[in-house]
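# Notes for the structure review
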Amino acid sequence: MNPFHYVRASDTSSAVRALADQAAPARFLAGGTNLIDLMREGIERPRAIVDITRLPLAGIDELPDGGVRIGAMVRNSHLAADRTIRERYPLLSQAILHGASAQLRNMATTGGNLMQRTRCYYFYDGAARCNKREPGSGCDAMDGFNRIHAILGASPLCIATHPSDMCVALAALDATVNLAGPSGTRTLAFGDFHRLPGETPDVDTNLQPGELITSVDLPGSSARLPSTYRKVRDRASYAFALVSVAAALRVEGGVVRDVRLALGGVAHKPWRAATAESVLLDHAPTPGAFARAADAELAPAVPLARNGFKIVLARRVIIATLSELAARGAR
Amino acid sequence: MTVVLRVNGRSHSVSIEPRVSLLDALRDRLQLMGTKKGCDQGACGACTVLVDGERINSCLTFAVQYEDREIRTIEGLSEDGQLHPVQRAFIEHDGFQCGYCTPGQICSAVAMLAEWRNGMPSAVSSSDAPAPADLNEDELRERMSGNLCRCGAYVGIRQAIQEAAGGTVR
């Protein structure tokens, strides 16, 4: 691993200042579960590290609208176990528990989870061509082993997927992300935080240089929805999603009054299935309606040589997940 | 830089570069060879240690991040010359073959049992229900999935942990 300069920050403003003062490239370090691995592989080569693990951002606080503010330094395991989260947003707790291992969840933070980079094999392999790792070099995944790659929103330059489970739940729950940077604070809707690859697959997020995630807010309007997270993977535990579905469904008077649907493992970002939601809203929650919604969402899906199964799988998991929620509501 | 690491109840001042992992600091600087380096990328769990009672992968860390935290390794589990109950159960049930993953398995199991007793949910138990009173096989497999055993001694490992949990060994 390349040597680097290490700075430990004690509060948000000094962390932002410390990063701005360092020679580029500089990185914030939280749990380290992804960044340290990437540094060891030589994919990330920061000249300076600003350690933010001791920032006072580890609280889970209630908001006036019935929502919750999750500090960026809250560990994934603490978040999944939190009483308020399990009561108001069980979908988030479930999604977190379906990711990684207990050891990693004890280390990984809320902010760091959003900053994870793809697990595309070709991104990790320094001998392979990768437009995300080295812009303009090409993409060896395109004609390679692309079984785990994207079916939605990909570009000719990049077919990588976002690896997070937690973020799929945050997308479904209409989270917002609070940021602090050299020119002040701002808030991004969760759907605007991650990017599709387009012409610049090396840019994963819409963070500005030097910006730090300080917290993630969940709105009261997303609280206590009947919800579930279903993840399909190659083994029963400790594997990234082939397809995952975060779903919430509220049925009143025989019609769908609120529906949230997000997909993991299918795109460069957590994929909010807005098309499927609009098909379902104000309609009866029938298997036929769920199938129509899934088909509408997946109509633009493009299979690669080895991942066509994901389109079928996503359709089935969407229908199964919504059917489970509808049956639960009918009981 | 000089970093003070508190390991198994003792403080050690070590002179290391910031890029040194906690795993390498424990093994190479403090000569605590019980903690093992398997994959060095957070996939196998052989490097599992306890920090303030919680299990972590010591390979995916910089030691400097864990300054002043209470670190416990396999060498620190016994008390007054008596092996930890989880250690005794691993011996009783032959929870190993080559032994390389064993320190990580045992540290992980010690913390896992504490998590389970404290009501930590898992992907197997529903997140809106309390943790199950019975640490059944599905629960145990899920909660220990971060520790791999290439010898495949999982049957003995499971029996050892179930005994340490106070449950029936099936």
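Predicted model, so just to flag it, every value in this text is computed and none were measured.

Attention shifts here to the overall build of chain B. For chain B, the count of helices and strands is five helices and five strands. Counting from the amino terminus, helix and strand elements in chain B follow one another as β-β-α-β-β-β-α-α-α-α. Taken over C-alpha atoms, the radius of gyration comes to 16 Å for chain B, in line with the 15 Å a tight globule of 170 residues would show. Taken along its principal axes, the extent of the C-alpha atoms in chain B is 50 × 35 × 30 Å. Across the 170 residues in chain B, those meeting the buried criterion constitute 48%. In chain B, of all internal contacts separated by at least 6 residues, the share reaching a separation of at least 24 is 58%.

Moving on, we come to unusual backbone geometry. Here the residue pair Ala24 of chain A and Pro25 of chain A is connected by a cis peptide bond, since its omega of -5° sits within 30 degrees of zero. Mapping Pro25 of chain A onto the fold places it in the loop between helix H1 (12–21) and strand S2 (26–29). Notably, Asp68 of chain B is not glycine yet its phi reads approximately 70°, a positive angle. Along the chain, the position of Asp68 of chain B falls in the loop between strand S4 (54–57) and strand S5 (70–72). Overall, the presence of 11 C-beta atoms within 10 Å leaves Asp68 of chain B in the exposed class.

All names here are of chain A. Within the secondary structure layout, Ser93 lies in helix H5 (residues 90–97). We classify Ser93 as buried; it has 25 C-beta atoms within 10 Å. Taking the C-alpha atoms as reference points, Ser93 and Glu277, separated by 184 residues in sequence, lie 22 Å from one another.

Residue and element names in this part refer to chain A. Within the open sheet, the three strands sit side by side as S1-S3-S2. Their pairing is parallel. Only two strands of the sheet have a single partner each, and these edge strands are strand S1 (5–8) and S2. For this sheet, the mean inter-axis angle between neighbouring strands, taken without regard to orientation, is 20°.

What follows deals with the domain arrangement of chain B. All names here are of chain B. Splitting chain B by domain gives domain 1 (2–74) and domain 2 (85–164). Averaged C-alpha coordinates put domain 1 and domain 2 at centres separated by 22 Å. Taken together, the elements giving at least two residues each to the side of domain 1 that touches domain 2 come down to strand S3 (48–51) and S4. The element best represented in the side of domain 1 that touches domain 2 is S3, accounting for three residues. Among the residues forming the side of domain 1 that touches domain 2, the class breakdown is six nonpolar, six polar and three charged.

Looking now at the interface of chain A and chain B. With 27 residues of chain A at the interface, the matching set in chain B holds 30 residues. Where the side of chain A that touches chain B is concerned, the elements lending two or more residues are helix H2 (35–40), strand S3 (48–51), helix H3 (76–81), H5 and helix H6 (102–107) of chain A. Top element by residues in the side of chain A that touches chain B is H6 of chain A. It accounts for five residues. Considering only residue class, the side of chain A that touches chain B consists of 14 nonpolar, 10 polar and three charged.

On to the nonpolar core, then. Core analysis: the largest hydrophobic core is formed by 153 residues, its most contacted members being Ala169 and Ala172 of chain A. Not counting residues up to four positions away in its chain, the partners in contact with Ala169 of chain A are Leu91, Leu92, Ala95, Tyr229 and Ala246 of chain A.

The next thing to look at is the pairing of S3 of chain B. Residues and elements named next belong to chain B. In this structure, S3 lies alongside S4, joined through four bridges in antiparallel fashion. Residue Thr48 lies in a different strand from S4, and its bridge partner there is Asn57. Connecting the antiparallel pair S3 and S4 is a turn made up of two residues, with Asp52 showing a positive phi of about 50°. Alignment of S3 against S5, held across two bridges, turns out to be antiparallel. Of the residues in S5, the one forming a bridge with Val51 is Ile71.

What counts and what doesn't
- Residues numbered from 1 in each chain as written.
- Chains lettered and ligands numbered in written order.
- Predicted model: local features only at pLDDT ≥ 70, side-chain atom pairs only at ≥ 80, totals over all residues.
- Helix = DSSP H or I, 4+ residues; strand = E, 2+ residues; numbered from the N terminus.
- Rg over C-alpha atoms; globule rule 2.2 N^0.38 Å.
- Buried ≥ 20, exposed ≤ 12 C-beta atoms within 10 Å, placed from the backbone.
- Contact = placed C-beta atoms within 7 Å.
- Pairing = 2+ DSSP bridges.
- Axes fitted to C-alpha atoms, helices over the stretch in contact; angles between N-to-C directions.
- Domains from an automatic or database assignment.
- Nonpolar A, V, L, I, M, F, W, Y, C, P; charged D, E, K, R; others polar.
- Core = buried A, V, L, I, M, F, W, Y, C linked by C-beta atoms within 7 Å.

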